[in-house]
Amino acid sequence: MNPPEFPKRLIEVDLPIRRISAHARREKSIRHGHISTLHIWWARRPLAACRAVICAALWPDPADPLCPSEFRAAAAEIILKFACQAAWNKDLAGHCSEETWNRWMGLTKSRSGFDLETKAGRFHLRTALLDFIADFANWDSSTVPEYLETSRALTQVAHEALGGVPGTRPLVVDPFAGGGSIPLEALRVGSDAFASDLNPVAVLLNKVMLEYIPKYGQSLADEVRIWGEWIKKEALKELAEFYPKDSDGATPIAYLWARTIQCEGPGCGAEVPLVRSLWLAKKANRSIALQLVPLPAQKRVNFQIIIKQIDGWACQTNPKSKIQNPKFEGTVKRGSVTCPCCGYTTPATQMRKQLSARHGGTRDARLLCVVTTKDHGSGRFYRLPLEKDFSTVQHAHSELTKQQAGTNDPLAEVPHEPTPEGKGKGAGRAFSQRNYGMETFADAYTERQLLTLTTLARILRESRGKKMPETVRILSCLALGRVNDLSMSLCRWLTSLEAIAAANGGQNRMPVVLDFVEANPFGGSGGDWLGQIDWIARVVEHIHACSLAPGTTACSPAQNPTLPNDSADALITDPPYYDAFPYSDLSDFFFIWLKRAVGMDVLDYDGDLVPKGEEAVVYDVAHGGSEIKDRIFFQREMTRAFSRWRDVTKPSGIGIVVFANKTTGGWESLIQSIIDAGWTATGSWPIDTERPNRQRAIDSAALGSSVHLICRPREHPDGSVRTDDIGDWRDVLAELPLRIHDWMPRLAEEGVVGADAIFACLGPALEIFSRYSRVEKASGESVPLNEYLEQVWAAVSREALSMIFEGAEGSGLEEDARLTAMWLWTLSTGGEGNGNGNGEEETPDEEEGESTAKSKSAGGYALEFDAARKIAQGLGVHMDRLKALVEIKGDTARLLPVAERADYLFGKETAQPTQKRKKKQIQPTLFQMLEPVESVGSWDIPSISKIGETALDRLHQTMLLFAGGRSEALKRFLVEDGVGSDARFWKLAQALSALYPSGSDEKRWVDGVLARKKGLGF
Ligand SMILES: C[S@@+](CC[C@H](N)C(=O)[O-])C[C@H]1O[C@@H](n2cnc3c(N)ncnc32)[C@H](O)[C@@H]1O
C-alpha cells in the first residue's frame, strides 16, 4: 500500500536558516524581558529558532500540489495585508529586513498580489511566507502586534485548511519542555501548547510562563514588585545586622573570600589562601589588585591593596608609597599551591585532601577583601576586612547554629541533601564538589549565605495563605533561585566587569571555585534581591505584551504521555542532549531552595531531590537510585517516548526534534530511537544558536548549531504503524550521494560547514532510509541503521572533499592530505556562528586541576575517535598507516600540529626547537627584501636531508622552513628540489590555508609559503 500523502509543510521544503540563525545568535545577548532571566534552565533554545520552526511546521507550503487552495487564498490575503501595513507604517517597516521590505513594496504596488493560478505565483507566496518568518524571528518583532496578528491568522487558516475543526487551534506538544521556549513560542504564533517535563522545576517555570502570566498579565508584574519590597523589608528585620554599612556610610556589596590550606613545605605550615589571581579590577582605565605580604614568622600571609596611578602602582592607603614590580599571580596554578612564605609547592592532590577534610573549606575560608559602593562616588571601592567584618561573620555563625538547633522542620534546615556524585564520563562529569569534600549542598555556602537563604525561604513559605497572592509568592520564589545562583561559594568575582559571575549561569557544569565571592543580597548591586525581582517582573511584562492564550503544563516523564492518542497536530521538542547536560543534578542546586520556599505540594512532588530514574540522559553513575544510564538506556527510553508521542500525534501531524551533540554515538542513538518509534525523517535544518564572536575551541569539533530534524509518523491513516514497505539497499545507496551532492552546497551557501554540516546532512539522508519500514539487501538481510550511517558519513566526506578541492575528491592527493583537509573542515565553523553551541559550553575550568592542564597542553586538532574513524573510512584512508599524522588516545584522535611533525619530516637530528622565538630577520635576497620573512616559529632546521614522500609532508616541510625563517632553504626546496613545480602542492596549500583556523601557527605558516609562490615564479 502506498503511504498516505499529505501537503508538505514549509519546513519540509525550505527555511531561511541564515537569517533565522542571525536572530538566534543575537538573542543570546538579550536579557531584559527574556525568559532566560526568569530562572536558569539548561540548553535553552533561542526563541527566534523556535518561533520560526513552529510557523514553518504549522503552515503548509503553498507551492505544494497538495496544499489546500483555501490556505493559498487566505494566506495570500493575509500576507498582502501585512505587506500594505509594512509599506505604510514606518515603525513596522523598521522591523523588516531591507530584502523583505522591498518585496512588500513590490507586492503593494503590483495590486494583483499573488497569481495563485500559476506555479510562479505560488512560489512567490512561499517566498513571502518565508520572508515573513525570517523577520518575525527577530526578538524586536516578537511583540509587534502586526507580526503577532499575521502569524496567528496564518496558523488559524493553516489549521482549518488542514482539517482542523473551525474555531479550534492546532495543538503543539513538547514533552521535554525544560525552560519552555518551544511551548511559549507555540502560544505566541497562535496555537495551543502542551508542555511537560519530568523535572518539577521545569514544570513550575512552564506553569508560570504558560498559565500564570497569560492569566494575570501586567498586574502580576506590578504585584511582584510591590511584594518584593515587602519581602525585603521583612528579611532585613532579621538580616540587616549581618550586612552592616561601613562607618563612612559605604555599602558592602560583595565579600571576596579564599579557601585556605596549610603549606606542606618542610617546617612551614603557614596558612595559604588559595587565590588564582590578585587582580580586583582590571579595566582599561582602572587597575586595582591585592598584593601578598608573607609573614613567615606568623605562619600566615597578609594582603595590601594597590592601585595603578599615572606614575605607577601605589599602596591604596598610602598613595605616596610606590610599589615596584607588583605581582598579579596568586598562589594557585593548576591546582598546585605555592606558599608565599617558604616557596614550597603543595600538589593539587594534597590541596584537595586538605579541603576535603574540612568539607570544602567554605566555612573557614579567609576573608580577603570587601567591595563597597558609596552614595557619593561612582564605581566600586575595595578595602581590606575590618574587625567588624570578622565579628559579623562570627555572629552569623552563632545565629545560624541557634536557629538550626531550634528547628524540627526539615524545610527550615540548611540543605543537607547530598551533592551530585560527579563521576564517570557521562553527564555526571559536570560535578567535582565531592572531590573537595562538599558532601552536602550546605557545604557550598558560607554560614551567612545559609542564614540569608533560609530566612528568605521561610518568609516565602510562611506567606502562604496570607495576603500575598499565591502566584506572586511563586514568582518571588523564582527570584530566590536567582539570588541563590549569585550566592554560592561557587561564584567568582569578574575583574573585568567588577561584578559577580553566577555559580552556574546555564553552563553544563558546576565547577568548584577556590577564591569565591559572597554577594550582599541587600546591597543594591549584583545578587541584590530587588534586582532579581525586577528581572522577573520584566519577563512578566514582556510575555504579557504578546497577549497569549494560556497553555497547559504537566509533570510527567515523556515515556508516559498524559494526552489521548491523535490529539496533537505537531510534536515539536528538544530532548536531552545525550550526555551533554545533567539536567536533574544541575537543577538540584536550585530545587533545594525552591522546595523550601514554595512548598512541596505546589511542586507536586515530595522527593528530597528532583527525580532521576526516568531522566533520559547518559550518566554512568547510578544516581537517585537509578540504573546506570548507558547508550542502551538512552536509546530505549527515547524510543519509548517517541513511540508514545507518535501515538499522541495525528497521522497527518508533523514532528520536529531538535538535537545537538558532538558525538556520533549520541546522534546514532537518537536517530535509531526515532526510526524505531515509527517516524520517518523528511528533512533537517541546522540553526545557529550561539553568540557571535565567541571563541570556539579549535581543538574540538564543537557545534555552533542545533539540528532540527523533521519527521512524520510512519502510519496508515488509522494511526497504525506501517510495517510493509521494504526498501532495496541498492536503490538507497544510489540515491544517497545525489542527495548529499544537492544538499551540501545549499548548506555551504547558508554558512553551514564542518561538523554542523555533517549532522545537518543526517535529515536528508534519513529521508531516503526511513521512508521504508525496512531496507533489505539482495540476500533479504535487513540493513541496520549504523551500517547506513557509515555510508552517510562516507558520502558526506567525499562531497565535502570535492567542495574543498573544487573538484573530484582531492585531485589525486594522497590519503594524508585528504584526511587532513577533511579533518580541518570538520572542525571549521564557517566564520559566523562560531560558538560551540547548544549550551554545550566549554567554560574555563575553575578548579585548575592537573587533568585540565594536561589536556590543554596536548595541542593539535582533536576529534572524537569514532568521528575520525568514520571520516577516514569514508575517504578510503587507513588511519593506522598515518601514525606520523594522527595520534589516537582513548576516545580521542588528534591530528598532530605541524610543529610536532618536525622530527618525522626532517629527522630527529636536524629539527631542533629553538629556545626562543627569533626576532624579525631580513634575508638579503631580492624577494625577501620585498617581502621580509617573519621568523615566527620555534624550529631551527639546519638542512633538509630528505624530501617528504607526499604532497602534505612537503607542504609541512616548507611551512616549518618558513616558521624557522629559513628563506634560502625554503627557496632551494621549492625551486631547486622541484617541490614547487607540483601543481598539487599549491592546490593543497591553498585549500589548507582556507581550513587552518585563523590565528593558528599553521595558518600563518601556510600563508607565508603561499606568499612566496609568485615571487618564485610558480
Ligand atoms: C534540552 S532540554 C529542553 C530545553 C528546552 N527546549 C528549553 O529551551 O528550555 C531537555 C529536557 O528534557 C527533560 N527530560 C529529560 N528526561 C526526560 C524524560 N524522561 N521525560 C521528560 N523530560 C525529560 C530535562 O529535564 C530537560 O528539561
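About the criteria used
- Residues numbered from 1 in each chain as written.
- Predicted model: local features only at pLDDT ≥ 70, side-chain atom pairs only at ≥ 80, totals over all residues.
- Heavy atoms only, no water.
- Helix = DSSP H or I, 4+ residues; strand = E, 2+ residues; numbered from the N terminus.
- Rg over C-alpha atoms; globule rule 2.2 N^0.38 Å.
- Buried < 20%, exposed > 50% of the residue type's maximum accessible area, 1.4 Å probe, protein only.
- Contact = heavy atoms within 4.5 Å.
- Areas by Shrake-Rupley, 256 points an atom, 1.4 Å probe, with all protein chains shown as cover.
- Lys, Arg positive; Asp, Glu negative; His and termini not counted.
- Charge placed at Lys NZ, Arg CZ, Asp CG, Glu CD.
- pLDDT = per-residue confidence, 0-100.
- Axes fitted to C-alpha atoms, helices over the stretch in contact; angles between N-to-C directions.
- Parallel < 35°, antiparallel > 145°, perpendicular 65-115°, else oblique.
- Nonpolar A, V, L, I, M, F, W, Y, C, P; charged D, E, K, R; others polar.
- Pairing = 2+ DSSP bridges.
- Near = heavy atom within 4 Å.
- Polar contact = N/O pair within 3.5 Å; in protein donor to acceptor, adjacent residues only side chain to side chain.
- Phe/Tyr/Trp six-rings, centres within 6.5 Å; stacked < 30°, edge-to-face > 60°.
- Lys NZ or Arg CZ within 6 Å of the ring centre and 35° of its normal.
- Core = buried A, V, L, I, M, F, W, Y, C linked by side-chain atoms within 4.5 Å.
- Salt bridge = Lys/Arg side-chain N within 4 Å of Asp/Glu carboxyl O.
- Arc of directions from axis to C-beta.

Student: What is the right way to look at the overall build of the protein chain in this model?
Tutor: Helix and strand counts for the protein chain stand at 31 helices and 29 strands. For 1018 residues, the compact-globule formula gives about 31 Å, and the C-alpha radius of gyration of the protein chain, at 31 Å, lands near that figure. Expressed as a percentage of its 1018 residues, the buried residues of the protein chain come to 60%. Restricting to contacts in the protein chain with at least 6 residues of sequence separation, those with at least 24 account for 75%. Carbon together with sulfur atoms contributes 52% to the accessible area of the protein chain, which is approximately 38,700 Å² in total. A distance of 6 Å separates the average location of the 120 positive side-chain charges in the protein chain from that of its 130 negative side-chain charges.

Student: I tried to follow the confidence of the model for the protein chain on my own but got confused; where do I start?
Tutor: Any segment with low pLDDT has predicted coordinates that should not be analysed in fine detail. Per-residue confidence for the protein chain gives a mean pLDDT of 88; residues scoring 70 or more make up 91%. Throughout residues 831-857 the model reports pLDDT below 50, and contacts reaching past four residues in sequence, or to other chains, amount to 84 contacts. The low-confidence segment residues 915-937 (pLDDT under 50) makes 41 contacts with residues lying over four places distant or belonging to another chain.

Student: Would you take a moment to explain the packing of helix α9 (residues 200-239) against helix α15 (residues 583-598) for this structure?
Tutor: Relative orientation and spacing of two packed helices are given, respectively, by the angle between their axes and the distance between those axes. The N-to-C vectors of α9 and α15 enclose an angle of 70°; their axes lie 10 Å apart at closest approach. Judged on the interaxial angle alone, α15 and α9 are roughly perpendicular. Contacts between α9 and α15 involve Pro 200, Val 201 and Leu 204 on the former and, on the latter, Ser 587, Phe 591 and Leu 594. Broken down by class, the residue content of the contact of α9 with α15 amounts to 5 nonpolar, 1 polar and no charged.

Student: Explanation requested: the environment of His 544 in the structure shown.
Tutor: Along the polypeptide, His 544 turns up in helix α14 (residues 529-544). In this structure the C-alpha to C-alpha distance between His 544 and Asp 375, which are 169 residues apart in sequence, comes to 35 Å. Setting aside residues up to four positions removed in sequence, His 544 forms contacts with Ile 213, Gly 217 and Gln 218.

Student: Can you help me understand the sheet that holds strand β11 (residues 336-338) in this one?
Tutor: One open sheet accounts for 3 strands, arranged β10-β11-β12; its pairing is antiparallel. For this open sheet the edge positions go to β10 (332-333) and β12 (345-346), each flanked by a neighbour on one side alone. Relative to β11, β10 runs antiparallel, the two being bridged by 2 bridges. Note that in β11 the partner of Lys 333 across the bridge is Ser 336.

Student: Just to check I follow, could you spell out the site of the ligand for this structure?
Tutor: The immediate surroundings of the ligand are formed by 25 residues, with Arg 45, Gly 179, Ser 181, Asp 197 and Asp 574 found nearest. Contact distances for the ligand include 2.8 Å between an oxygen atom and a backbone N or O atom of Arg 45. Asp 574 places a side-chain nitrogen or oxygen 2.7 Å from a nitrogen atom of the ligand. When the ligand sits alone it has 600 Å² of accessible area, and the protein chains cover 100% of it. Partitioning the shell around the ligand into residue classes produces 12 nonpolar, 7 polar and 6 charged.

Student: I'm lost on the packing of aromatic side chains in this one. Help?
Tutor: By convention here, two paired aromatic rings are described through the distance between centres and the angle between planes. Inspection of every chain in the model, using the stated rule, returns 33 aromatic pairs. On the basis of an interplanar angle of 40° and a centroid distance of 5.6 Å, the ring pair of Phe 132 and Phe 136 is categorised as tilted. Here the residue Phe 132 and the residue Phe 136 both occupy positions in helix α6 (residues 119-136), the gap between them amounting to 4 residues, near one helical turn. For Phe 132, a relative accessible area of 0% puts it in the buried group. When its relative accessible area of 1% is taken as the criterion, Phe 136 is described as buried. Taking 5.2 Å as the distance between ring centres and 50° as the angle between the ring planes, the aromatic pair formed by Trp 313 and Phe 328 counts as tilted. With Trp 313 in strand β9 (residues 312-315) and Phe 328 in the loop between β9 and β10, the pair connects residues that are 15 residues apart, well separated along the chain. We classify Trp 313 as buried; its relative accessible area is 10%. Three or more aromatic residues link up through ring pairs in this structure, and these residues are Tyr 577, Phe 581, Tyr 583, Phe 659, Trp 667, Phe 759 and Trp 793. Its end group placed over the ring of Phe 136, Arg 51 keeps NZ or CZ at 5.3 Å from the ring centre. Here Lys 374 stacks its cationic end above the ring of Phe 381, 4.4 Å away from the centre of that ring.

Student: Explain the environment of Ala 365 to me, please; I cannot follow it from the model alone.
Tutor: Topologically, Ala 365 is positioned in the loop between α10 (348-357) and β13 (366-373). By relative accessible area, which is 11% here, Ala 365 ends up buried. Between the C-alpha atom of Ala 365 and that of Leu 274, which follows or precedes it by 91 residues, the distance is 9.3 Å. Dropping the residues within four chain positions of it, Ala 365 is found in contact with Trp 257, Ala 258, Arg 259 and Phe 516.

Student: Looking at this structure, I do not really get the nonpolar core. What am I missing?
Tutor: Ile 11, Trp 59, Trp 104, Trp 529, Trp 823 and Trp 825 are the most contacted members of the largest nonpolar core, which has 316 residues in total. With 16 residues, the top contributor of residues to this core is α9. When neighbours within four sequence positions are excluded, Trp 104 is seen to be in contact with Ile 79, Phe 82, Ala 83, Ala 86, Cys 96, Ala 128 and Phe 132. Judged by nonpolar contacts, the second largest core, of 6 residues, contains Trp 279, Ala 289, Ile 306 and Trp 313.

Student: What is the right way to read the pattern of salt bridges from this model?
Tutor: Charged atoms that come close allow side chains of opposite charge to pair. Counted under the stated rule, the structure contains 66 salt bridges. The shortest N-O distance in the salt bridge between Arg 276 and Asp 515 comes to 2.9 Å. Taken as a pair, Arg 276 in the loop between β5 (271-273) and β6 (279-283) and Asp 515 in the loop between β16 (499-501) and β17 (517-519) lie far apart in primary sequence, 239 residues in all. With a relative accessible area of 23%, Arg 276 lands in the partly exposed category. Note that Asp 409 and Arg 461 form a salt bridge whose closest N and O atoms lie 4.0 Å from each other. With Asp 409 in the loop between α11 (387-405) and α12 (447-462) and Arg 461 in helix α12, the pair connects residues that are 52 residues apart, well separated along the chain.

Student: Explain helix α29 (residues 967-976) here, please?
Tutor: Owing to its 3.6 residues per turn, the α-helix aligns residues three or four sequence positions apart on the same side. Residues of α29 that are buried include every one of Ser 967, Ala 969, Leu 970, Phe 973 and Leu 974, and no others. Buried residues of α29 fall within an arc of 165° about the axis and therefore sit on the same side. Phi for Gly 978, located one or two positions after α29, is positive at around 80°.

Student: Looking at this model, I keep getting lost on the packing of helix α3 (residues 69-88) against helix α5 (residues 98-110). Mind explaining?
Tutor: For the pair α3 and α5, interaxial distance at closest approach is 8 Å and the crossing angle is 110°. In terms of orientation, α3 lies roughly perpendicular with respect to α5. Taken together, the residues of α5 that come into contact with α3 (itself represented by Ile 79, Leu 80, Phe 82, Ala 83, Cys 84, Ala 86 and Ala 87) are Trp 101, Trp 104, Met 105, Leu 107 and Thr 108. Counted by class, the contact of α3 with α5 contains 11 nonpolar, 1 polar and no charged residues.

Student: What is the right way to read the side chain of Ser 1000 from this model?
Tutor: As for its position among the elements, Ser 1000 is in the loop between α30 (983-995) and α31 (1001-1015). Relative accessible area serves as the criterion here: at 6%, Ser 1000 is assigned to the buried category. Looking at Ser 1000, its side chain comes within polar contact range of the main-chain oxygen of Pro 997, at 2.6 Å. Polar side-chain contacts of Ser 1000 include one of 3.1 Å to the backbone nitrogen of Lys 1003.

Student: What should I look at first to understand the environment of Arg 19 in this one?
Tutor: With respect to the secondary-structure elements, Arg 19 resides in helix α1 (residues 17-27). Distance in space between the C-alpha atoms of Arg 19 and Ala 134 is 5.9 Å, their sequence separation being 115 residues. Those residues in contact with Arg 19, other than ones at most four positions away along the chain, are Ser 97, Glu 99, Thr 100, Asp 131, Ala 134 and Asp 135. At 2.6 Å, the side chain of Arg 19 forms a polar contact with the side chain of Asp 131.

Student: What's the story with the sheet that holds strand β2 (residues 192-197) in this structure? I'm lost.
Tutor: Hydrogen bonding along the main chain pairs the strands of a sheet, whether they run parallel or antiparallel. As summarised here, the arrangement of the 7 strands in space is β18-β2-β1-β19-β20-β22-β21, forming an open sheet in which the pairing is mixed. Each edge of the open sheet is held by one strand with a lone partner, namely β18 (552-555) and β21 (679-688). Adjacent strand axes in the sheet meet at a mean angle of 20° when their direction is disregarded. The pairing of β2 with β18 spans 4 bridges and is parallel. Pairing of Phe 194 across the sheet is with Thr 552, part of β18. Along the sheet face, helix α17 (residues 631-648) touches β1 (171-174), β2, β19 (568-573), β20 (649-659), β21 and β22 (705-713) and points at about 145° away from the line of β20.

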